[in-house]
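Here is what each chain is made of, one letter per residue.
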Amino acid sequence: MHIMTVKAKKITANVLTAILFLAFVAAGFMKLMRTEEAIDNFKQYGLNVGVLLLIGFLEVLGALGLWLPKLRIWAAAGLSAIMTGAIVVHLYHDEASLITAPVVFFILLMISITLRMQLNSLPKKKHKK
């Protein structure tokens, strides 16, 4: 029994992609702009500006990859790895109260990957000539 129709899966996947795209572009650019707040946040964990820039770059790149059909699953997997890192860092520093956002985005990325894999496994329609 299927819970969602193919059309519902496509719509959900596309809306989710748009939300994730906006969130990761915003987060990535905030890091790439090297705001004082972003630098201070990374320094408190012993991470330097180079790591800040790398993560910002990867977040923007991953967000762009979410729109490319051949890369979207890999982009979501890469972004989920970044979210896993954020969760681990917060838990290591006894900041469980700060893991809500990374956990939510991790779950959304996993849903996105699942939907895209289900859609990719559907038989391709043959076009009539």
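The sections below set out a description of the structure shown in this document. Predicted model, so just to flag it, every value in this text is computed and none were measured.

Regarding the nonpolar core
Within the largest apolar cluster, 13 residues are counted, with the highest numbers of intra-cluster contacts made by Leu20, Phe24, Leu66, Ala76, Leu79, Met83 and Leu109. Elements with a contribution of two residues or more to this core: α1 (6–32), α4 (72–92) and α5 (100–120). Counting residues per element, this core draws most heavily on α4, at five residues.

A look at unusual backbone geometry
The residue Arg34 is not glycine, and still its phi comes out positive at about 55 degrees. Examined against the element boundaries, Arg34 turns out to sit in the loop between α1 and α2 (36–43). Of note, the phi angle at Asp94 is positive, near 55 degrees, even though the residue is not glycine. Within the fold, Asp94 resides in the loop between α4 and α5.

Brief notes about the side chain of Arg72
Residue position: Arg72 is located in helix α4. Look at Arg72: it is buried, it has no salt bridge, and the nearest opposite charge is Glu59 at 19 Å. Of note is the side chain of Arg72, whose polar atom sits 3.5 Å from the backbone oxygen of Trp67.

Calculation criteria
- Here, residues in each chain are numbered from 1, in the same order as that chain's written sequence.
- In keeping with the model being predicted, local features are shown solely for residues with a pLDDT of at least 70 and side-chain atom pairs are shown and tallied solely at 80 or more, while totals for entire chains, interfaces and linings include all residues.
- Only hydrogens and water are set aside when side-chain values are computed; all heavy atoms of the structure are taken into account.
- Nonpolar cores are built from buried Ala, Val, Leu, Ile, Met, Phe, Trp, Tyr and Cys residues. Side-chain atoms within 4.5 Å join them into one set.
- Each residue gets one of three labels from its accessible area relative to the maximum for its type: buried under 20%, exposed over 50%, partly exposed in between, using a 1.4 Å probe on protein chains only.
- Strands are runs of DSSP state E lasting at least two residues, helices are runs of H or I lasting at least four, and both sets are numbered from the N terminus onward.
- In this tally, Lys and Arg are treated as positive and Asp and Glu as negative; His is ignored, and so are the chain termini.
- One side-chain nitrogen of Lys or Arg within 4 Å of one carboxyl oxygen of Asp or Glu is enough to make a salt bridge.
- Two N or O atoms form a polar contact when they lie within 3.5 Å of each other; inside protein one atom must be a possible hydrogen donor and the other a possible acceptor, and for residues adjacent in sequence the pair counts only when both atoms belong to side chains.

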